[in-house]
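Single-letter residue listing:
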Amino acid sequence: MKYILLIGDGMGDVPVPSLDGRTPLEAAETPAMDRLARQAEMLLVRTVPDGYPPGSDVANLSLMGYEPERYYTGRAPLEAASLGVELGPEEIAFRCNLVHVERPGDGRLIMVDYSSGHITTDESRQLIEALQAACGNDRLRLYPGVSYRHLLVYRGELPAGFVTVPPHDHSDRDVAGFFQAYRQIEAFPPLLAKAENILADHPVNRERQRQGKRTANAIWLWGEGKRPAMSTLEARFGIRGGLISAVDLLKGLGVLGGLSVVDVPGATGYLDTNYEGKARAALDVLAKDDFVLVHVEAPDETGHQGLAQEKVRAVADFDRRIVAPIVEAMERRGEPFRLVVTMDHYTPVHRRTHEDWPVPMFLYDSRGIAAPSGRTYTEANVQAAVRASGQATLSGAAFFQRFVEREARG
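Residues numbered from 1 in each chain as written. Predicted model: local features only at pLDDT ≥ 70, side-chain atom pairs only at ≥ 80, totals over all residues. Heavy atoms only, no water.

Caption draft 1: Spatial organisation of the overall build of the chain. Broken down by element type, the chain carries 16 helices and 13 strands. Taking 22 Å as the expected radius of gyration for a compact globule of 410 residues, we find that the chain reaches 21 Å, a close match to that expectation. Summarising its shape, the C-alpha atoms of the chain cover approximately 60 × 50 × 35 Å along the three principal directions. When each of the 410 residues of the chain is scored for burial, the buried share is 59%. Residue pairs at least 24 apart in sequence account for 75% of intrachain contacts in the chain once pairs closer than 6 positions are excluded. Accessible area for the chain stands at about 15600 Å²; split by element, carbon and sulfur atoms hold 48% of it. (Helix = DSSP H or I, 4+ residues; strand = E, 2+ residues; numbered from the N terminus. Rg over C-alpha atoms; globule rule 2.2 N^0.38 Å. Buried < 20%, exposed > 50% of the residue type's maximum accessible area, 1.4 Å probe, protein only. Contact = heavy atoms within 4.5 Å. Areas by Shrake-Rupley, 256 points an atom, 1.4 Å probe, with all protein chains shown as cover.)

As structure tokens, this is what we get:
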């Protein structure tokens, strides 16, 4: 048996006026998902336990069968694992975004763009390397990642009550108060001041400004935590496999979960990602192992940007260029498989941030389901199907055990 987990990050939404009162999932052309959903079981899964932030870190950890209450220590340690950065017992990892902010001069600091205009990986690598050369020391180390997503490792302790926030939750808002929190750590104010000056004068930013693009004019630190202690999926469930994503967070989950992490050339985490390469990579994994997770970031990014039509496109691309080719190839191979299509959380375009609502998904089994839903895959249809069946909302751990048909070993 093969097990296939396909995640459209942030795909869930609520009715959007500009889409005639439909959600992007309802408005998008999704023939592959709809065909499978009619023959599948529909489930509601609470990927974000009460009291936890509704981020992709918690939600995807949950979708992989790891209880956040037991395993979650923060987002950045997962990204550190992806980058091959070993955290010592006294070290804390921070996610380091390259952002574009504006300072109106009245004490406010406006978060204009959490992604610096979706800066390219090549451009951002040059910026992070310049910051490391100027600011790195025995307490602070910077590591380049993908696009605007990078890593800072800090050796030291955090003061009581220290809290950071993700920049994508505060687009177009005043974040001066959050920025002040960094001053509680002695090493951070000099770093932030140096970073502002270095970024302002860097050739990459000068060229972006010349081209009319947003510059990366500040760094934003968040998602801090120490390395978690996690057993592999093979140790817990007896399954081996791989993970395909453009996002360091997901890759880190794969590393810590003992999965082979496949780097796909041209995988960007946005609308221009290499969908075909991801689908081929998934099929290559399934040719030798029994589990694959494919993560697509574009629905979440377009949700954060408040772009309804682009989110519709992201959902349709996910269906046509990920779900359809993988399923068609598996059907040609003739091997039995179980396939889940889901989102990790909602990212409504009107809110431009995450919500912690239970996520709608379907579980398709090529051998047949005793009571297929008969419904297409939409948020409302899954909710109605679950109500009609009388089944309870599942935790992430309970869902994963059901999906792979076996109990966790610890």
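Read on for the rest.
Caption draft 2: A look at unusual backbone geometry. Its identity is not glycine, yet Ser116 carries a phi of approximately 50°, on the positive side. Turning to its location among the elements, Ser116 is positioned in the loop between strand S4 (110–113) and helix H6 (121–135). For Arg352, which is not a glycine, the phi torsion comes out positive at approximately 65°.

Caption draft 3: Layout of the layout of surface pockets. The space that makes up the largest pocket amounts to roughly 340 Å³. Lining the largest pocket are 21 residues, with Pro53, Asp57, Tyr72, Pro166 and Trp222 sitting closest to its centre. The element contributing the most residues to the lining of the largest pocket is strand S7 (residues 218–225), with three residues. (1 Å grid on protein atoms, 1.4 Å probe; cavity = no way out; pocket = protein on both sides within 12 Å on 5 of 7 lines; lining within 4 Å. Points joined across faces, edges and corners; volume = space filled by probe spheres on them.)

Caption draft 4: Looking closely at the packing of H6 against helix H9 (residues 203–210). Packing of H6 against H9 brings their axes to within 9 Å, and their N-to-C directions diverge by 140°. Taken as axis vectors, H6 and H9 run oblique relative to one another. Counted together, Glu123, Gln126 and Leu127 of H6 and Val204, Asn205 and Arg208 of H9 form the full contact between these two elements. Broken down by class, the residue content of the contact of H6 with H9 amounts to two nonpolar, two polar and two charged. (Axes fitted to C-alpha atoms, helices over the stretch in contact; angles between N-to-C directions. Parallel < 35°, antiparallel > 145°, perpendicular 65-115°, else oblique. Nonpolar A, V, L, I, M, F, W, Y, C, P; charged D, E, K, R; others polar.)

Caption draft 5: Examining the packing of aromatic side chains more closely. The tally for this structure, following the rule as stated, stands at 19 aromatic pairs. With 6.2 Å between their ring centres and 70° between their planes, Tyr52 and Tyr72 make a pair best called edge-to-face. Taken together, the residues Tyr52 in the loop between strand S2 (41–46) and helix H3 (56–63) and Tyr72 in the loop between helix H4 (68–71) and helix H5 (76–82) connect sequence positions 20 residues apart. Ring geometry for Tyr346 against Trp357: centres 4.9 Å apart, planes inclined by 70°, an arrangement best described as edge-to-face. Taken together, the residues Tyr346 in the loop between strand S11 (337–342) and strand S12 (359–365) and Trp357 in the loop between S11 and S12 connect sequence positions 11 residues apart. Tyr346 sits in the buried class, given a relative accessible area of 3%. Judged by relative accessible area, which is 32%, Trp357 ranks as partly exposed. (Phe/Tyr/Trp six-rings, centres within 6.5 Å; stacked < 30°, edge-to-face > 60°.)

Caption draft 6: Expanded view of the environment of Glu86. On the secondary structure map, Glu86 appears in the loop between H5 and strand S3 (91–102). With 25 residues separating them along the chain, Glu86 and Leu61 place their C-alpha atoms 20 Å apart. Excluding anything up to four places from it in sequence, Glu86 contacts Glu91, Arg141 and Arg227.

Caption draft 7: Quick peek at empty space enclosed by the protein. One pass over the structure, following the stated rule, counts one cavity of 30 Å³ or more. Considered as a void within the structure, the largest cavity measures approximately 90 Å³ in volume. Arg75, Tyr148, His168, Glu297 and Asp300 are, among the 17 residues lining the largest cavity, the residues nearest its centre. The set of elements that each furnish at least two residues to the lining of the largest cavity consists of helix H11 (248–256) and helix H13 (298–304). Examining the composition of the lining of the largest cavity, we find that three residues originate from one element, H13, more than from any other.

Caption draft 8: Representation of the side chain of His100. Residue position: His100 is located in strand S3. Overall, His100 belongs to the buried group, its relative accessible area being 13%. A distance of 2.9 Å separates a polar side-chain atom of His100 from the backbone oxygen of Thr215. Discounting chain neighbours no more than four positions away, the residues touching His100 are Ile110, Met111, Val112, Asp113, Ser116, Arg214, Thr215 and Asn217. (Polar contact = N/O pair within 3.5 Å; in protein donor to acceptor, adjacent residues only side chain to side chain.)

Caption draft 9: Summary view of the packing of helix H12 (residues 275–288) against helix H14 (residues 308–333). Between H12 and H14, the shortest axis-to-axis distance is 10 Å and the interhelical angle comes to 30°. With respect to their mutual orientation, H12 and H14 come out roughly parallel. Our pair here, H12 against H14, has a crossing hand that is right-handed. Contacts between H12 and H14 involve Tyr275, Glu276, Lys278, Ala279, Ala282, Leu283, Leu286 and Ala287 from the former and Ala314, Asp317, Phe318, Arg321, Ile322, Pro325, Ile326, Ala329, Met330 and Arg333 from the latter. Class assignment of the residues belonging to the contact of H12 with H14 gives a composition of 13 nonpolar, no polar and five charged. (Left-handed = near helix turned anticlockwise from the far one by under 90°.)

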